[in-house]
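# What the coordinates show
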Amino acid sequence: MTNAIDKANQAVKKLEEEMNKQYYPHFHLAPQAGWMNDPNGLVYYNGQYHAFYQHHPYNENWGPMHWGHAVSDDLITWRRLPIAIAPDHDYDQSGCFSGSAVDNNGELSLIYTGHIWLNGQGNDEHIRETQCLATSKDGINFKKHGTVLTPKEGIMHFRDPKVFQQNGKWWMVVGQRETNDVGQVLLYHSTDLKDWKFDQVLISDIDPNVYMLECPDFFPLGDKWILMFSPQGMQAKGYQYRNRFQSGYVVGDWQPGKPYTVIKSFQEMDYGHDFYAPQSFLAADGRRIMFGWMDMWESKMPSKHDKWMGAFTLPRELILDGQNRVRNRPIKELVALRNQPKSLTNIELNSELKNTEIESISCELNVEIDLANSNAERFGLQLAATPDGKQATLLYIDRQANRIILDRSLSGIDLKGYRSVPLPKTKKLSLHIFVDASSVEVFVNKDLYSLSSRIYPKLPAKRVINLFAENGQAQISKLASWQLKSIYE
Ligand code: FRU
């Protein structure tokens, strides 16, 4: 291990002792202490799943980026490993930015962005970004090989390489801010991960305001190729694109050596407040699985007071539907976390608030709503609610707007605002909900829409699940709940 890694590991351990875990997730991957952002280098290697992440081990703020590291045998429970790489060379001196990992004949290879501030930290007008390689034979200790790909003349923002194998070659997608401030994803290929040749611009000009496409990912799903990325610069439009930055995908056709043809334009992947920089990988059985960063740049981050910040979303399986929409749903392995099952049936609400007595600190809910027999103006659930319902995160059906709303106005500390998706035109509606110490994830009709948002309920206070209906009645045909076990070994 290098000195920089030793120092970083000691620092994060020390910071952990000062940490307050009141909002720390029970079943989401989060940093040991300090700061976390994007998922990096997700890969199945030597019979284990490796997850790396953008990490600042010295304090709770974003700073010189390291790669944090955890492994899992089952995608559910995680064990921490030492920090994998630190910004300790001239080509990555200001940060080891996001990237990916591949198994290259038994060698775990990380391809990441070496970031350099040329004119002081935070001055984005003068930076240098190149793609770098680091390899490991044991999956823990990495040897750096330096820069393997530089941008064309005049380009500064050039980052977040995702490498994959196709037709016997390595391929890499990278995000770029063109000199005219247009966001693009570029495709390269290589035979040895070291010598890279430009192939094509996969996508450009998705929207006149978009100046950068961060964290691209390019992968087959069904009979299509999905290009997923996180655009910067999009403006809010009605219910869409409400977050500081977006994450989504286009669907198209591609074969090595041929141009990429887009057949479905940009769609958001998730509709909550906190979802960014998603990355996918292949599970051992061939499923395509995705993690996102369950936070948003420039939003308030109350857990910083507790010396940590950032979490992944749940692992989610990606599926392409008949309309070429990419759906995402929690992976089936998560049922192993279930404890203390409870089931309520045929609950009728009449302009009232009902306390279910289900504890809400770390729980999963499966709710079936009979829309055909519900005429209340607003009805649904209060999550992480005080028993009197005065503080809660509201998840409800708005019959006037015909939308499903996730509202944090009364959630607790700092975070406000609502997000919503259209109410499906079905007689029955299912809501699959995961509430952790500081997050809510909702899956509508299994995988039609997902909404992921952070919440910070005021503590200490008992938190439960309430049901409510305003001005009319609502019929909840089923409410199954579980308390979830911790994912940390
Ligand atoms: C996305 C991002 C990436 C970059 C990393 C730096 O959230 O801005 O583009 O590599 O974070 O931490």
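About the cut-offs
- Once a new chain begins, its residue numbering starts again from 1 and follows that chain's sequence as written.
- Local features are withheld for residues below a pLDDT of 70 in this predicted model, meaning they are given only at 70 or higher, and side-chain atom pairs are given and counted only at 80 or more; totals for whole chains, interfaces and linings count all residues.
- As a convention, hydrogens and water are excluded, and side-chain values are obtained from all of the structure's heavy atoms.
- Should DSSP find at least two bridges between two strands, the strands are regarded as paired.
- What counts as a helix is a DSSP run of H or I of at least four residues, what counts as a strand is a run of E of at least two, and both are numbered from the N terminus.
- Whether two residues touch is decided by their heavy atoms; if any such pair falls within 4.5 Å, the residues are in contact.
- As a rule, the C-alpha atoms of each element are fitted with a line to give its axis, helices using only the stretch in contact, and angles between N-to-C directions run from 0 to 180 degrees.
- Residues are counted as near a molecule or strand when any one of their heavy atoms sits within 4 Å of it.
- Pairing of N or O atoms within 3.5 Å defines a polar contact, subject to two protein rules: one partner must be a possible hydrogen donor and the other a possible acceptor, and residues neighboring in sequence count only if both atoms are side-chain atoms.
- Ten residue types, Ala, Val, Leu, Ile, Met, Phe, Trp, Tyr, Cys and Pro, are classed as nonpolar, four, Asp, Glu, Lys and Arg, as charged, and the remainder, Gly among them, as polar.
- Exposure classes here rest on a 1.4 Å probe applied to the protein chains alone. A residue is buried below 20% of its type maximum, exposed above 50%, and partly exposed in between.
- Here, two cysteine sulfur atoms that lie within 2.5 Å of each other are counted as a disulfide.
- Ring pairs shown here join Phe, Tyr and Trp side chains whose ring centres sit within 6.5 Å, with only the six-membered ring taken for Trp; geometry is labelled stacked below 30 degrees between planes, edge-to-face above 60, and tilted in between.
- By definition here, charges over rings are those cases where NZ of Lys or CZ of Arg is within 6 Å of the ring centre and within 35 degrees of the ring normal.
- UniProt positions are given in the numbering used here, feature names are shortened, and annotations may be inferred rather than shown by experiment.
- Just so you know, the domain bounds were taken from an automatic or database domain assignment.
- Summed over both partners, the accessible surface that disappears when two parts come together, traced with a 1.4 Å probe, is what is meant by buried area.

### As for the sheet that holds strand E1 (residues 34-45)
What the five strands build is an open sheet, ordered E4-E3-E2-E1-E19; its pairing is mixed. Edge positions in the open sheet fall to strand E4 (79-85) and strand E19 (308-309), since each of these has one partner strand only. Where helix H1 (residues 3-18) meets the sheet, its contacts fall on E1, strand E2 (48-56), strand E3 (66-72) and E4, and the angle it forms with E4 comes to roughly 140°.

### Structural notes on the sheet that holds strand E17 (residues 276-282)
One open sheet holds the four strands; their spatial order is E17-E18-E20-E21, and the pairing between them is antiparallel. At either end of the open sheet lies a strand with only one pairing partner, and these are E17 and strand E21 (326-330). Taken pair by pair, the neighbouring strands of this sheet meet at an average axis angle of 35°, ignoring direction. Relative to strand E20 (residues 316-320), strand E18 (residues 288-293) runs antiparallel, the two being bridged by two bridges. If you follow Ile-289 over to E20, its bridge partner there is Glu-317.

### So, the site of the ligand
Taken together, 13 residues sit near the ligand, with Asp-38, Gln-54, Asp-160, Glu-214 and Trp-297 positioned nearest. Ser-98 has a polar backbone atom sitting 3.1 Å from an oxygen atom of the ligand. Note that an oxygen atom of the ligand is positioned 2.5 Å from one of the side-chain N or O atoms of Asp-160. Elements that contribute at least two residues to the shell around the ligand include exactly E1, strand E5 (95-104), strand E9 (158-166) and strand E13 (212-221). Residues that form the shell around the ligand fall into these classes: six nonpolar, three polar and four charged.

### Focus on the side chain of Ser-247
Structurally, Ser-247 can be placed in the loop between strand E14 (224-232) and strand E15 (248-253). For Ser-247, a relative accessible area of 4% corresponds to the buried category. Polar side-chain contacts of Ser-247 include one of 3.4 Å to the backbone nitrogen of Ala-277.

### A closer look at the state of the cysteines
Inspection of every chain in the model, using the stated rule, returns zero disulfides. Not engaged in a disulfide, the cysteine Cys-132 finds its nearest cysteine sulfur in Cys-96; these two sulfurs lie 7.6 Å apart.

### Some details on the pairing of strand E10 (residues 169-177)
For E10, the buried fraction is high: seven of the nine residues fall into the buried class. Sheet topology note: the E9/E10 ladder contains seven bridges and is antiparallel. Across the sheet, the residue bridging to Phe-164 is Trp-171, located in E10. Where E9 hands over to E10, the hairpin turn is made up of two residues, of which Asn-167 adopts a positive phi near 50°. Where E10 and strand E11 (residues 183-190) come together, eight bridges link them in antiparallel fashion. Residue Val-174 lies in a different strand from E11, and its bridge partner there is Leu-186. If you look at the hairpin formed by E10 and E11, you'll find five residues sitting between the two strands, and Asp-181 has a positive phi there, around 65°.

### Some thoughts on the packing of aromatic side chains
Under the definition given, this model contains 34 aromatic pairs. Arranged with centres 5.9 Å apart and planes meeting at 40°, the rings of Tyr-24 and Tyr-488 form a pair that is tilted. One end of the pair, Tyr-24, is in the loop between H1 and E1; the other, Tyr-488, is in the segment after strand E33 (473-484), and 464 residues separate them in sequence. Look at Phe-52 and Trp-67: their rings are 5.5 Å apart centre to centre, the planes differ by 50°, and that puts the pair in the tilted class. Of this pair, Phe-52 sits in strand E2 while Trp-67 sits in strand E3; the two residues are 15 residues apart in sequence, bridging distant segments of the chain. For Arg-403, the ring lying beneath its charged end belongs to Tyr-239, and the centroid distance is 3.5 Å.

### With respect to the UniProt feature "domain: Glycosyl hydrolase family 32 C-terminal" (unreviewed entry) in the protein
In the numbering used here, UniProt assigns the feature "domain: Glycosyl hydrolase family 32 C-terminal" (unreviewed entry) to residues 333-483. Spanning residues 333-483, this segment combines 0% helix with 60% strand, and its end C-alpha atoms are found 15 Å apart.

### Some remarks on the domain arrangement of the protein
What the domain assignment reports for the protein is domain 1 (3-330) and domain 2 (334-484). Between the C-alpha centres of domain 1 and domain 2 there is a distance of 31 Å. Taking both sides of the interface into account, the surface hidden between domain 1 and domain 2 amounts to around 3,400 Å²; carbon and sulfur atoms contribute 58%. Among the residues domain 1 hides against domain 2, the three largest losses belong to Tyr-23, Phe-27 and His-273. Together they make up 23% of the total.

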